[in-house]
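Structure assessment
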Amino acid sequence: GKVYWVEVGAGAIRRANLDGTGIETVRTGLIGLAGIQLVGSTVTPPATSDSDMTDNDDTQEAAAIPLCNTIDSDITDVVRASVPPSVFYTINCRIIAENRVFIRSSAEVGIMDVLNRGVIHAVDVFSPSGESAAMSTICLRGINAILFIDASTAPRTWYPLPTTLSGEYNCVQIPDAGIVVMVEN
């Protein structure tokens, strides 16, 4: 295992073994560096656009969308998320259903109209600190329709969101915290 960190003044990403030995430089020459994210197995600076990356390294493809932070340390490629840099470390995902199987109780989705449409994937997008998830892009693997269950309403309401395909993922921009659900129909 490795631990990664940034040296903001030096514009560098560094890593070391978990016991602190074997310090290595991963990337240098990054201007405006504020944090790092895991894209697949590659550590990269979070970027809101291609112009945020000021070096000529091609390790981050423009279409690459990072894995979503999961508070339970679940690692899955079913969900990807791109969140605004100001809330990058505070927005989390909790997998409710994956590949038509509920990892948690279907009661977490809680709306029969949504459940009856056939849940493929369901992900709770939230911030433990109460930060807004607005303008976050959430992508679920597949091409089916995506519904959003708004966490800011009581009772919770749901509605479809417009989607954009990105490789094998269907992506939506969410208005705030809530549950993103890919459905059969």
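In this text the structure is predicted, and so the values were computed from the model without any measurement. (Residues numbered from 1 in each chain as written. Predicted model: local features only at pLDDT ≥ 70, side-chain atom pairs only at ≥ 80, totals over all residues. Heavy atoms only, no water.)

Ordered by their spatial adjacency, 3 strands build an open sheet running S1-S2-S3, and the pairing between neighbours is antiparallel. Each end of this open sheet is capped by a strand with a single partner; those strands are strand S1 (2-7) and strand S3 (24-27). The sheet shows a mean angle of 35 degrees between the axes of neighbouring strands, direction not considered. Examined bridge by bridge, S1 and strand S2 (residues 12-17) share 6 bridges and lie antiparallel to one another. Bridge pairing in S2 places Lys2 opposite Asn17. (Pairing = 2+ DSSP bridges. Helix = DSSP H or I, 4+ residues; strand = E, 2+ residues; numbered from the N terminus. Axes fitted to C-alpha atoms, helices over the stretch in contact; angles between N-to-C directions.)

Our next topic: the environment of Trp158. Note that Trp158 resides in strand S12 (residues 157-160). Separated by 44 residues in the primary sequence, Trp158 and Val114 place their C-alpha atoms 7.9 Å from one another. Ignoring any residue separated from it by four or fewer positions in sequence, one finds Trp158 in contact with Ile111, Asp113, Val114, Arg117, Leu147, Phe148 and Ile149. (Contact = heavy atoms within 4.5 Å.)

Okay, the confidence of the model for the protein chain next. Looking at the protein chain, the pLDDT average stands at 77 and 71% of residues meet or exceed 70. Here residues 39-45 scores under 50 on pLDDT; set against residues more than four positions off or in separate chains, the count is 28 contacts. Contacts of residues 47-64 to residues separated by more than four positions or lying in other chains number 26 contacts, the stretch itself having pLDDT below 50. (pLDDT = per-residue confidence, 0-100.)

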